[in-house]
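Given next are the chains, with one letter for each unit.
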Amino acid sequence: MGAAMRRIHVGNALSAFGLGFTVPYLYVYVAQVRGLGSVTAGLVLAVFAVAALIVLPFAGRAIVRRGPLPVLLVALVTAAIGALSLGLSASAGTVLLSAAALGAGQAVMQPALATMIVDCSTTETRSRAFAMQFFLQNLGLGVGGLIGGHLVDTTSASSFTLLFAIEAAMFLVLVAVMATVRAPRAPRIEEAPGQTGGGSWKQLLGNRAMVQLCVLGFVLFFACYGQFESGLSAYGVEAAGISTSALGTALAANTLMIVIAQFAVLKFVERRKRSRVIASVGLIWAVAWAVAGYAGLGHGSQAMATAAFISTYALFGLGEAMLSPTLAPLVADLAPTGLAGQYNSAFALVKQLALAIGPAVGGPLGASLHGPYIVAFLLFSLGITVLAVRLGRQLTDVQNQPSLARSRVVTQGGAPADAVVAAEA
């Protein structure tokens, strides 16, 4: 890795570390510690999603025109202000405004950092760069959550203020780190006279492969990430009788699987077609939903149900480890020169939409209609496999399997080498 990429990865780890301090405890903080009730706490979570959906279309345009670094710095300062004010807020109005600032800043960080990774990597190194990003994000979230859990005290609002202050400090430290990054200058696109921002969106929507990838991404995030802390956890508690401590163990198993498996699966993923890797993830997640079905509907012992439920989260983690070096590099490879920021923002927008709808649909379904919930999401997982196979038909050989480009370069380089040997003889 070059110096710029190292700083970007440090930035990813710091931001995830800061988020880990507060994300697991946000609902408890608003509803109980501040005494604002479950409705306000639910609105805070909704505000995060709404803020992201509002700012991401503009973020993509700004990244394309100004570059990812200035956009990232503005997003970090906004998130730091939102985090600190959230820790000091005592009324519903200030809590919601603070959550909007924090949510908007967090949302813009994702495509800005992704675009910087694209600018600082090549097609050959991009998969490893995004795998490292995902690894450090999960590690940072896990460590931050672990430390935050020891600092927090539900009887003391000041302990939560400390957590949000640490989160804000991490964002500001990240500003200092990222301000030193000297990334390669990627082409920037200036608007022609009379052209509107809708032109680049129209160009994106005309890219069939990117549109199919966005549809696939929506199903991926809806059927997995959108269920972790809503439908699947509600199903585990109501249908399988999983305790809150076992639920925490399941989430830890998910993170542990990612940390252990990330680089173990990387060589396997790099040598395979991306569409087939994504299709395999759909099958793995279908197995995960079947195991979850056994946990809640199999009428086994409580110990077996708990083990099966924890295994479900671990299987999801294996699929996530396979996706991290696959999805983001594919988005970058589909983007025309200078439009990586636009494409990253569009994909982040799809992700946020899925994460907003997923809990709203999965939560009530997982809590009350246990059998239909498992069947529905098992079918969604199989749908991922079908959509991935269809996407593969829209990709070029090199887009689908970048290792082919390397092998072709080696093959083309072989003839001159032979000629040199012959000449020396």
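In case you missed it, the structure is sitting above this.
For every chain, the first residue of the written sequence is number 1, and numbering continues from 1 along that sequence. With the structure being a predicted model, the display of local features is reserved for residues of pLDDT at least 70 and the display and counting of side-chain atom pairs for 80 or more, all residues being used for whole-chain, interface and lining totals. Heavy atoms from the whole structure form the basis of all side-chain values; hydrogens and water molecules are not counted.

This part is about the overall build of the chain. Numbering of helices and strands starts at the N terminus; helices are DSSP runs of H or I of at least 4 residues and strands are runs of E of at least 2. Within the chain, the regular secondary structure consists of 19 helices and zero strands. Out of the 425 residues in the chain, the part that is buried amounts to 50%. Per-residue accessibility takes into account occlusion by the displayed protein chains alone, with areas from the Shrake-Rupley method and a 1.4 Å probe. Here the chain has roughly 18,100 Å² of accessible surface; of this, 67% comes from carbon and sulfur atoms. Each residue's exposure class comes from its accessible area (1.4 Å probe, protein chains only) as a fraction of the maximum for that residue type: buried when under 20%, exposed when over 50%, partly exposed otherwise.

Before going further, it helps to spend a moment on the pattern of salt bridges. One speaks of a salt bridge when a side-chain nitrogen belonging to Lys or Arg is within 4 Å of a carboxyl oxygen belonging to Asp or Glu. In this structure the tally under the stated criterion is three salt bridges. Among the ionic pairs, Asp333 bridges to Arg126, the shortest N-O distance being 3.0 Å. A residue pair is termed long-range when its members are at least 10 positions apart, and Asp333 in helix H15 (residues 327–334) and Arg126 in helix H6 (residues 126–151) qualify at 207 residues. Relative accessible area serves as the criterion here: at 8%, Arg126 is assigned to the buried category. A salt bridge links Arg128 to Glu270; the nearest nitrogen and oxygen atoms lie 3.2 Å apart. Here Arg128, found in helix H6, pairs with Glu270, found in helix H12 (residues 266–270); they are 142 residues apart in sequence, far enough to count as distant. Here Glu270 falls in the buried class, since its relative accessible area comes to 15%.

It is worth spelling out the packing of helix H1 (residues 3–22) against helix H7 (residues 157–178) at this point. When two helices pack together, their arrangement is given by the angle between the helix axes and the distance between those axes. With their axes 8 Å apart at the nearest point, H1 and H7 run at an angle of 170° to one another. Comparing their axes, H7 and H1 come out roughly antiparallel. For the pair H1 and H7, the contacting residues are Arg7, Ile8, Val10, Gly11, Leu14, Ser15, Phe17, Gly18, Leu19, Phe21 and Thr22 in the first and Leu163, Phe164, Ile166, Glu167, Met170, Phe171, Val173, Leu174, Val177 and Met178 in the second. Charged means Asp, Glu, Lys or Arg here, nonpolar means Ala, Val, Leu, Ile, Met, Phe, Trp, Tyr, Cys or Pro, and polar covers whatever is left, Gly included. Considered class by class, the residues forming the contact of H1 with H7 number 15 nonpolar, four polar and two charged. Lines are fitted to the C-alpha atoms to define the axes, a helix being fitted only along its stretch in contact, and any angle between axes, read from their N-to-C directions, falls within 0 to 180 degrees. Roughly parallel here means an angle under 35 degrees, roughly antiparallel means over 145, roughly perpendicular means 65 to 115, and every remaining angle is called oblique. Between two residues, a contact is recorded if the distance between any of their heavy atoms is within 4.5 Å.

Here H7 is 22 residues long and its end C-alpha atoms lie 32 Å apart, about the 32 Å a rise of 1.5 Å per residue gives. Among the residues making up H7, those that are buried are Ser159, Phe160, Thr161, Leu163, Phe164, Glu167, Ala168, Met170, Phe171, Leu174, Val175 and Met178. Residues of H7 that are buried make contact with H1, helix H2 (26–33), helix H4 (68–88), helix H5 (92–119) and H6. Expected span of a helix, by definition, is 1.5 Å for each gap between consecutive residues, and there is one gap fewer than residues.

We call a set of buried Ala, Val, Leu, Ile, Met, Phe, Trp, Tyr and Cys residues a nonpolar core when their side-chain atoms join them within 4.5 Å. Among the nonpolar cores identified, the biggest contains 111 residues, and Phe171, Met210, Leu213, Leu232, Trp285 and Phe309 are the most heavily contacted of them. Setting aside chain neighbours within four positions, we find Phe171 in contact with Ser15, Leu19, Leu76, Ala79, Ala80, Ala83, Leu102 and Met109.

So, on to the packing of H5 against helix H16 (residues 340–368). It is the contact of H5 with H16, at a shortest axis distance of 9 Å, that shows an interaxial angle of 140°. In terms of orientation, H5 lies oblique with respect to H16. Judged by the twist between their axes, the crossing of H5 over H16 is right-handed. Here Gln110, Pro111, Ala114, Thr115 and Val118 of H5 come into contact with H16, specifically with Ala340, Gly341, Asn344, Ser345, Ala348, Lys351 and Gln352. Left-handed is the label given to a crossing in which the near helix is rotated counterclockwise from the far helix by less than a right angle, and right-handed is the label when the rotation is clockwise.

Time to look at the environment of Pro325. Inspection of the secondary structure assignment puts Pro325 in the loop between helix H14 (302–323) and H15. Residue classification places Pro325 among the buried residues on the basis of a relative accessible area of 1%. Sequence separation between Pro325 and Ala129 is 196 residues, and the spatial gap between their C-alpha atoms is 7.7 Å. Dropping the residues within four chain positions of it, Pro325 is found in contact with Ser127, Ala131, Gln262, Leu266 and Val269.

This paragraph deals with the packing of aromatic side chains. We call Phe, Tyr and Trp rings a pair once their centres come within 6.5 Å, taking the six-membered ring for Trp, and we label the pair stacked below 30 degrees between planes, edge-to-face above 60, and tilted otherwise. Under the counting rule described, the total for this entry stands at 15 aromatic pairs. Between Tyr29 and Phe164, the ring centres sit 5.0 Å apart and the planes meet at 50°, which makes this aromatic pair tilted. Remark: Phe164 occurs in helix H7 and Tyr29 occurs in helix H2; sequence separation between them is 135 residues. Overall, the relative accessible area of 2% leaves Phe164 in the buried class. Taken together, the ring pairs in this structure connect Phe218, Phe222, Tyr235, Trp285, Trp289, Phe316, Tyr373, Phe377 and Phe380 into an aromatic cluster.

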